[in-house]
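Structure at a glance
Residue strings, one per chain:
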Amino acid sequence: VKMKGDPVKGHAVFAKAESSCTLCHRAGNHGVDFAPALSEIGSKLGKDAIYDSVINPNAGISMGFETTELKLKNGGSALGIVRSETGDQLVLALPGGVTNTFRKDQVAERKKLAVSMMPAGLQALFSQEDFVNLVEYLFSLKSPQGKVAAQK
């Protein structure tokens, strides 16, 4: 947390396909709207909390992003984040923005899980330098009001 990173290099880490960040998260014009948007994350969380969110993704799951498990009457199952629901249909989203629609009369059981769709251990994909740069980049993403306040 005390290490200083380079937000420009961190942006490059965020944007590269190997890091998988943009498969689920959007920051500015980069990424997919599957998991919580990160465009103003630096106004909401300190660096310590950003590190913790990556290292321990199950510690705090944002409302509306809970993992839902369906057990289907045909014996199949499905996981995802509920994107929409009507009286007779349920739409689950998957990383990358793919969605699957299920008729509710096909569902035998539905439950929210206490685990995030974000897998634990993602920090192992990065060198220490890349991880520090990534967190520095995310911490630099502030709301317009936060940027004005920070400049004063």
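The preceding data block contains the structure.
Residues numbered from 1 in each chain as written. Predicted model: local features only at pLDDT ≥ 70, side-chain atom pairs only at ≥ 80, totals over all residues. Heavy atoms only, no water.

Bringing the overall build of the chain into the picture now. Counting secondary structure elements, the chain contains 5 helices and 7 strands. Taken from the N to the C terminus, the helices and strands of the chain come in the order α-β-β-α-α-β-β-β-β-β-α-α. Along the longest, intermediate and shortest principal axes, the C-alpha atoms of the chain span 55 × 35 × 25 Å. Expressed as a percentage of the 152 residues in the chain, the buried residues total 31%. Sequence separation of at least 24 residues holds for 61% of the intrachain contacts in the chain that already meet a minimum separation of 6. (Helix = DSSP H or I, 4+ residues; strand = E, 2+ residues; numbered from the N terminus. Buried < 20%, exposed > 50% of the residue type's maximum accessible area, 1.4 Å probe, protein only. Contact = heavy atoms within 4.5 Å.)

This paragraph deals with the side chain of S116. Mapping S116 onto the fold places it in the loop between β7 (107–112) and α4 (128–140). In terms of polar contacts, S116 uses its side chain to reach the backbone amide nitrogen of M118, at 2.9 Å. Not counting the four nearest positions on each side in its chain, S116 is found in contact with P57, N58, I61 and T67. (Polar contact = N/O pair within 3.5 Å; in protein donor to acceptor, adjacent residues only side chain to side chain.)

Across all of its chains, the model carries 0 disulfides by this definition. Cysteine C24 is unpaired, with the sulfur of C21 as its nearest cysteine sulfur at 9.1 Å. With a relative accessible area of 15%, C24 lands in the buried category. (Disulfide = S-S within 2.5 Å.)

From the geometry alone we can't say anything about function, so treat these as descriptive.
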